[in-house]
Amino acid sequence: MIRIGDIIEKIETYNPDFDEDLIRKAYIFSAKAHQGQIRLSGEPYLIHPLEVAGILAEMQLDEPTIATGLLHDTIEDTFATYAQIKALFGQEIADLVEGITKISKMSFSSSEDTQAENFRKMILAMTRDIRVILVKLADRLHNMRTLKFQKPENQQRIAQETLDVYAPIANRLGIEWLKSELEDLSFKYILPDAYLTLERKIVKSEKERDHYIEFVKKILTEKLREEGIIADVSGRPKHLYSIFKKMQSQNIEFSDIYDITAFRVIVNTIPECYEVLGIIHNLWTPIPGKFKDYIALPKSNFYQSLHTTVIGPKGERIEIQIRTHEMHKVAEMGIAAHWKYKEGINLDERDDKRFSWLRQLFEYQKDLKNNAEFLETIKIDLFPDEVFVFTPTGEVKSFPRGSSPIDFAYSIHTEVGNHCKGAKVNGRIVPLRYNLHNGDRVEIITHPQAHPSKDWLKLVKTSRARTKIRQWIKTQEREQSIQLGRELLEKETKRYSVNLSHLYKDGSLERVAQAFSLQTVDDLLATIGYGKITSRQIIRRILSFHDGEPEKPEVVEKPFKKILTRITRKDQTSVLIRGEENVLIRLAKCCNPLPGDKIVGFITRGRGITIHRADCDKVLNSDPQRLIDAKWKSGESILHPVRIQTLSTDRRGLLAEITKELSNLGADILSANVQTTEDHQAINQFVIAIKDLKHLNKIIRALNHIKGIVEVKRIHA
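Worth saying up front: this structure is predicted, and the values here are computed from it rather than measured.

What counts and what doesn't
Residues numbered from 1 in each chain as written. Predicted model: local features only at pLDDT ≥ 70, side-chain atom pairs only at ≥ 80, totals over all residues. Heavy atoms only, no water. Helix = DSSP H or I, 4+ residues; strand = E, 2+ residues; numbered from the N terminus. Buried < 20%, exposed > 50% of the residue type's maximum accessible area, 1.4 Å probe, protein only. Contact = heavy atoms within 4.5 Å. Areas by Shrake-Rupley, 256 points an atom, 1.4 Å probe, with all protein chains shown as cover. Polar contact = N/O pair within 3.5 Å; in protein donor to acceptor, adjacent residues only side chain to side chain. pLDDT = per-residue confidence, 0-100. Expected span 1.5 Å × (residues − 1). Pairing = 2+ DSSP bridges. Axes fitted to C-alpha atoms, helices over the stretch in contact; angles between N-to-C directions. Phe/Tyr/Trp six-rings, centres within 6.5 Å; stacked < 30°, edge-to-face > 60°. Lys NZ or Arg CZ within 6 Å of the ring centre and 35° of its normal. Salt bridge = Lys/Arg side-chain N within 4 Å of Asp/Glu carboxyl O. Left-handed = near helix turned anticlockwise from the far one by under 90°. Nonpolar A, V, L, I, M, F, W, Y, C, P; charged D, E, K, R; others polar.

## A look at the overall build of the chain
Inference 1: Helix and strand content of the chain: 30 helices and 20 strands.
Inference 2: Looking at the 717 residues of the chain, the share that counts as buried comes to 51%.
Inference 3: Across the chain, the fraction of contacts at a sequence separation of at least 24, relative to all contacts at a separation of at least 6, is 65%.
Inference 4: Of the roughly 35500 Å² that the chain leaves accessible, carbon and sulfur atoms contribute 49%.

Put into structure tokens, the structure is as follows:
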């Protein structure tokens, strides 16, 4: 158990002149506030803030941050108030504690709208003071270390949230050790069988591997010393989750992974890094395509290192990372290795770039009103796997892997993207669907008549390009709807011998727009064009103004009711459209929505309404004016087909166990497709009939517990 004296000793190692009185004062306040409180483990609650402060001290953070670690739960879990903390510790620490309190109340496993709102709040807190999220990460790490005391359902929820939200944030902030530990701890509770199986295999080979690590370290250290280079050489196995992901992505067994051990060489200068690389490549044969220079081209989180994979002693593949001591500090601590945390401090150009991605996220959260689009943007920006390309002038730009020339065009300027006609890569013309590769030299060809299309959304990877394309498409669709609405209204005015120009001039159309809770006449015309209000309703409303009839507030849903009445049929599905039953609808095949999924309706011309999952790509890329609220009827027991896939080892009797489990859980198998691979793995796809999302999740959990199954997931046709 960590003690306050241990924390103070840690701080002294990197900041001898720190304010010890502040730390002790925060400790005493926290001890009094949490007095009598017990954790689920049965230990005094005070242990938790002490452990959090200890983690922050390990990260070598400043005194206000460590004091916040000691106080972070006082406002939320005790009678302490913001005013008390401000009076005793000052506004800086009080604001930090309040920021942690707000983030702690957020849930990222609830509805899409709540998730989006919580992400917005967290990004805002991070831009105000990055230390807020650093304390929250330390808090989450200790909670994950003690997750075994939670109920199983809470373990799954907290672990999934950690893997989806907090581990990616740690990675984006460049804190490698924290990201790795959060991933491994999450893996342990999300897929316990796969975790234990992999852990046993690692432990089984541990003794032999330790001997091999020492053998390689000795050879490498002696060779470098001969060349006059003093270096710290270390070796360690890669963390479990990274091994598991590699097994999944390459569809291979543990026995087929040859580079589970990573070696690290730390030297004093950058020239020595390249000198060590040459020595290693002379000593052992490098594997082509496995060298990466992150010193010349740092990652977006400013990670720097040389990576190479070679055929080492005994013919084994080994990965070696080469970096300086300063690079190692940044690689381990990331943004925590820098002291300029707070907004308002003048940053130099290098530090300013470290925060550019965070500022970009902040701008997106202000601009993107659609929650599904915003969440998609967050996921893109939190999971960067980068390639580096060059502009014609030699400037280096980084993009997510799989990006296209369209992404490159929008990174230069919005207008360059909007008028992109083609691209040259390394001097030759390539199609816009071309995937950028490291080292490509890219030149964009533009034309005034060239414009974005919806197909571009399938080609781009960056959130900037995706957002700009959608903005252009929505603007064009709105303009088309305004034109259509104007034509329909003009046609209707002629039937009533009304002059449309006169209606513009006398303000009648503005009054009608206000009556329908719309901002402008263009909004009114667009709504007519979308089919949400008929031109006849507009004329009737205008005539009522001139006849002196009192204006009655009309709910926009009324025109919808008339539209829906014309496209109804009985008992089509278990979906309500704005509270209306018996609507002509169909379930989208692209995303196959199930009861329990958040859904939305899409108005199709002449075919009623199509129901999509709210996070479906087609919904995200569609015109929001054609979307309509939808929800599942409660108490319905209609069965829905859904496709699931299992990835497992190929063993006798496994298929029988799967089908038996499905039968026990009341899921009829409608079809099955079973495949085995050369490396003795089985990929099985089943279409099963289920009740709702809760039923599906129960099935997935049950199948995951069958011996030999590595992964079970829902897939779409």
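Picking up where we left off.
## Quick look at the side chain of T308
Inference 1: Secondary-structure assignment places T308 in strand 5 (residues 306-311).
Inference 2: One polar contact links T308 to H281, side chain to side chain, over a distance of 2.8 Å.
Inference 3: Look past the residues within four positions of T308 in its chain and what remains in contact with it is L277, H281, K290, F291, I318, E319 and I320.

## Digging into the confidence of the model for the chain
Inference 1: On average, residues of the chain score 81 in pLDDT, and 82% of them reach the 70 mark or higher.
Inference 2: A low-confidence stretch, residues 339-352 (pLDDT under 50), is modelled with 29 contacts involving residues beyond four sequence positions or located in other chains.
Inference 3: Low pLDDT, under 50, characterises residues 548-572; the stretch is placed with 41 contacts to residues that sit more than four places away or in other chains.

## Some details on helix 22 (residues 463-495)
Since one α-helical turn is 3.6 residues long, residues separated by three or four positions face the same way.
Inference 1: End to end, helix 22 covers 48 Å across 33 residues, agreeing with the expected 48 Å (1.5 Å per residue, within 8%).
Inference 2: Just downstream of helix 22 lies S497, where phi reads positive at about 55°.

## Details of the side chain of T65
Inference 1: Looking at the secondary structure, you find T65 in helix 4 (residues 63-71).
Inference 2: Overall, the relative accessible area of 0% leaves T65 in the buried class.
Inference 3: Contacts of T65, omitting those with residues within four sequence positions, involve L56, R131 and V135.

## Structural notes on the environment of L500
Inference 1: Relative to the assigned elements, L500 resides in helix 23 (residues 500-505).
Inference 2: Residues L500 and E490, 10 residues apart in the sequence, show an inter-C-alpha distance of 6.2 Å.
Inference 3: Leave out the neighbours within four places in its chain, and L500 touches R486, L489, E490, T493 and L509.

## What to know about the sheet that holds strand 20 (residues 709-715)
Inference 1: Read from one edge of the open sheet, four strands run 18-19-17-20, paired in antiparallel fashion. Each edge of the open sheet carries a strand with a single partner, namely strand 18 (668-676) and strand 20. Within the sheet, the average angular offset between the axes of one strand and its neighbour, ignoring direction, is 20°.
Inference 2: In terms of strand pairing, strand 17 (residues 640-649) meets strand 19 (residues 681-690) through 10 bridges, oriented antiparallel. Bridged to P641 within strand 19 is A689.
Inference 3: The strands touched by helix 29 (residues 654-664) within the sheet are strand 17, strand 18, strand 19 and strand 20, with strand 19 carrying the most contacts at an inclination of about 20°.
Inference 4: Relative to strand 20, helix 30 (residues 693-704) is tilted by about 160°, and along the sheet it contacts strand 17, strand 19 and strand 20.

## Examining the packing of aromatic side chains
Inference 1: Following the criterion strictly, the structure yields seven aromatic pairs and no others.
Inference 2: Considering the side-chain rings of F399 and F408, the 6.0 Å spacing of their centres and the 40° angle between planes classify their relative orientation as tilted. Note on accessibility: F399 and F408 belong to one class, buried.
Inference 3: By way of ring pairs, the aromatic residues F187, Y195, Y241 and F244 are connected into one cluster.
Inference 4: Stacked on the ring of F89, the Lys or Arg K25 has its end atom at 5.3 Å from the ring centre.
Inference 5: Between K314 and the ring centre of F215, over which it is positioned, the NZ or CZ distance is 5.7 Å.

## Examining the environment of N621
Inference 1: You can see N621 is positioned in the loop between helix 28 (617-620) and strand 16 (627-632).
Inference 2: Since its relative accessible area comes to 18%, N621 is described here as buried.
Inference 3: Each C-alpha atom of the pair N621 and K454 lies 7.4 Å from the other, and the pair is 167 residues apart in sequence.
Inference 4: For N621, the contacting residues outside a window of four places in its chain are K454, L457 and R470.

## A short note on the pattern of salt bridges
Inference 1: For the coordinates displayed, the defined rule picks out 11 salt bridges.
Inference 2: A salt bridge links K10 to E58; its shortest N-O distance comes to 3.0 Å. Of the two residues, K10 is situated in helix 1 (residues 4-14) and E58 in helix 3 (residues 47-58); the sequence distance between them amounts to 48 residues.
Inference 3: Owing to a relative accessible area of 43%, E58 belongs among the partly exposed residues under this scheme.
Inference 4: Here the salt bridges share partners, and the residues they tie into one network are D62, E92 and R131.

## Let's talk about the pairing of strand 6 (residues 317-324)
Inference 1: Counting buried residues in strand 6 gives seven out of eight residues, a clear majority hidden from the surface.
Inference 2: Pairing of strand 2 (residues 261-267) with strand 6 involves six bridges; the strand directions are parallel. Following the sheet pairing, I266 is matched in strand 6 by R323.
Inference 3: Sheet topology note: the strand 5/strand 6 ladder contains six bridges and is antiparallel. The residue of strand 6 that forms the bridge with V310 is I318.
Inference 4: In textbook terms, the turn of a hairpin is the stretch between consecutive antiparallel strands, and for strand 5 and strand 6 this stretch comprises five residues, one of which, K314, has a positive phi near 65°.

## Overview of the packing of helix 29 against helix 30
Inference 1: In contact at an axis separation of 10 Å, helix 29 and helix 30 are set at 150° when each is read in the N-to-C sense. You can see that helix 29 and helix 30 cross each other, and the crossing is right-handed. On the side of helix 29, the interface is formed by I658, E661 and L662, while helix 30 contributes I699, A702 and L703.
Inference 2: Looking at the contact of helix 29 with helix 30 residue by residue, the classes come out as five nonpolar, no polar and one charged.

## Thoughts on the sheet that holds strand 9 (residues 420-425)
Inference 1: Strand order across the open sheet formed by three strands is 10-9-11, with antiparallel pairing between neighbours. For this open sheet the edge positions go to strand 10 (428-430) and strand 11 (442-446), each flanked by a neighbour on one side alone. In this sheet, neighbouring strand axes are inclined to one another by 35° on average, regardless of whether the strands run parallel or antiparallel.
Inference 2: Relative to strand 11, strand 9 runs antiparallel, the two being bridged by five bridges. Residue pairing across strands places V425 opposite V442, the latter belonging to strand 11.
Inference 3: Lying on the sheet, helix 20 (residues 405-412) is in contact with strand 9, strand 10 and strand 11; it crosses strand 11 at an angle near 80°.

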